[in-house]
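Results of the structural survey
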Amino acid sequence: MARKQKLDFSTIADDRKKEGLNQKDFWARYGVTQSGGSRYESGRNIPKPLAILLWLHRSGKVTDKVLAEALK
């Protein structure tokens, strides 16, 4: 039986800072406002669809270009 693995984004703020992005620019790629991103970075649960998108992007399966196209 496959074991459920929880997506862990506890270091998302540190990862964003390493990219040199402010909250507004980082979260806008995913269609999230700065205030929403701030709440997620402070520990609020990230909704599963957004968590999956974050994982796909961070793992390289979805590119910045694809994200930008999707937001148009």
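In what follows, the structure referred to is the one given above.
About the criteria used
- Residues numbered from 1 in each chain as written.
- Predicted model: local features only at pLDDT ≥ 70, side-chain atom pairs only at ≥ 80, totals over all residues.
- Heavy atoms only, no water.
- Salt bridge = Lys/Arg side-chain N within 4 Å of Asp/Glu carboxyl O.
- Helix = DSSP H or I, 4+ residues; strand = E, 2+ residues; numbered from the N terminus.
- Buried < 20%, exposed > 50% of the residue type's maximum accessible area, 1.4 Å probe, protein only.
- Core = buried A, V, L, I, M, F, W, Y, C linked by side-chain atoms within 4.5 Å.
- Patch = residues over 30% accessible without salt bridge, like charges linked within 9 Å, V, L, I, M, F, W, Y side chains within 5 Å.
- Areas by Shrake-Rupley, 256 points an atom, 1.4 Å probe, with all protein chains shown as cover.

**Regarding the pattern of salt bridges**
Close approach of charged atoms allows side chains of opposite charge to pair. Throughout the structure, instances matching the rule amount to 5 salt bridges. Between Arg58 and Asp15 there is a salt bridge, with the nearest N and O atoms lying 2.6 Å from each other. Of this pair, Arg58 sits in helix 4 (residues 48-58) while Asp15 sits in helix 1 (residues 12-18); the two residues are 43 residues apart in sequence, bridging distant segments of the chain. On the accessibility criterion, Arg58 (38% relative accessible area) is partly exposed. By sharing partners, the salt bridges in this structure join Glu19, Arg29 and Asp64 into a single network.

**Some details on the nonpolar core**
Grouped together as the largest cluster of nonpolar side chains are 13 residues, with contacts concentrated most on Trp27, Tyr30, Ile46, Leu50 and Leu54. Taken together, the elements giving at least two residues each to this core come down to helix 2 (23-28) and helix 4. The element best represented in this core is helix 4, accounting for 3 residues.

**Some points on a nonpolar patch on the surface**
On the surface, a cluster of nonpolar side chains totalling about 260 Å² of accessible area is made up of Leu7, Ile52 and Trp55. The topology assignment puts Ile52 in helix 4. For Ile52, a relative accessible area of 40% translates into the label partly exposed.

So far we have only geometry, and geometry alone does not tell us how the molecule works.
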